[in-house]
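Each chain, letter by letter, is given below.
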Amino acid sequence: MSLVGFSTNSGRSQLTTMDHTFAGGLSGALGRVVLQPLDVAKIRLQLQVENQIGRKYNGLLQLLATIPREEGIRSLWKGHVSAQYLSIIYGFASFGVFEALTKFSYHSGFFWATDVRYKPIEHFVCGCLGGCAATVASFPFDMIRTRMIAQSDGQLAYTSLLD
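So, here's what we can say about the structure. (Residues numbered from 1 in each chain as written. Predicted model: local features only at pLDDT ≥ 70, side-chain atom pairs only at ≥ 80, totals over all residues. Heavy atoms only, no water.)

## Side note on the nonpolar core
- In terms of nonpolar packing, the biggest core is built from eight residues, these being V40, A41, I43, Y57, L63, I67, L76 and I149.
- Within the residue set of this core, elements represented by two or more residues are helix 1 (17-47) and helix 2 (60-71).
- At three residues, helix 1 tops the list of elements feeding residues into this core.
- Apart from residues lying up to four places away in sequence, L76 is in contact with Q36, P37, V40, L64, I67 and P68. (Core = buried A, V, L, I, M, F, W, Y, C linked by side-chain atoms within 4.5 Å. Buried < 20%, exposed > 50% of the residue type's maximum accessible area, 1.4 Å probe, protein only. Helix = DSSP H or I, 4+ residues; strand = E, 2+ residues; numbered from the N terminus. Contact = heavy atoms within 4.5 Å.)

Laid out in structure tokens, this is it:
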């Protein structure tokens with residue numbers, strides 16, 4: 001049975017924990033560049049008033065057409081720097097902690113580390129802990145990202161990460 005995580009099979013080439021960590025950070029960064037406009041749209045839709053009269057955006061496509069027309073195309077990447085930090089740190093932490101924990105589990109001699117039947121449980125626990133660590137590490141950048149995206153050009157309260 002082959003799963004992700006630390007492998008004891010020394011006969012094949014294996015990525016190190018640091019390789020997995022950097023791969024996680026890079027995947028987070030690339031995904032963020034492509035998906036940032038959808039993140040901006042999601043946050044704007046979440047924050048608008050839900051009554052039909054005061055509603056500015058009627059749906060995703062209308063929002064994606066309105067924001068560039070009213071605020072410029074760059075506004076779709078509003079909060080991108082803090083979002084990049086969030087994605088990279090989240091990728092680093094989640095992949096790095098997961099890999100380190102699976103390796104620790106194997107070397108510690110826990111009963112589930114040597115029995116293939118328990119690998120999914122081991123990976124579930126290590127994945128949960130990796131996700132928790134990543135959330136804690138990246139949360140400050142999530143707060144900054146949301147605040148920067150929520151503001152429209154007419155009412156800029158935040159202009160950089162340091163505000």
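## Topic: the pattern of salt bridges
- Taken as a whole, this structure holds six salt bridges when the rule is applied.
- Notably, a salt bridge pairs K42 with D39, separated by 3.8 Å at the nearest N-O pair. A residue pair is termed a helical-turn pair when its members lie 3 or 4 positions apart in one helix, as K42 and D39 do in helix 1 at three residues.
- Classification of D39 as buried rests on a relative accessible area of 10%.
- Across the salt bridge formed by K119 and E122, the nearest N and O atoms sit 2.9 Å from each other. Of the two residues, K119 and E122 both sit in helix 5 (residues 119-150), three residues apart, roughly one turn of that helix.
- On the basis of relative accessible area, K119 is assigned to the buried category, the value being 17%. (Salt bridge = Lys/Arg side-chain N within 4 Å of Asp/Glu carboxyl O.)

Coordinates in, geometry out; function isn't part of it.
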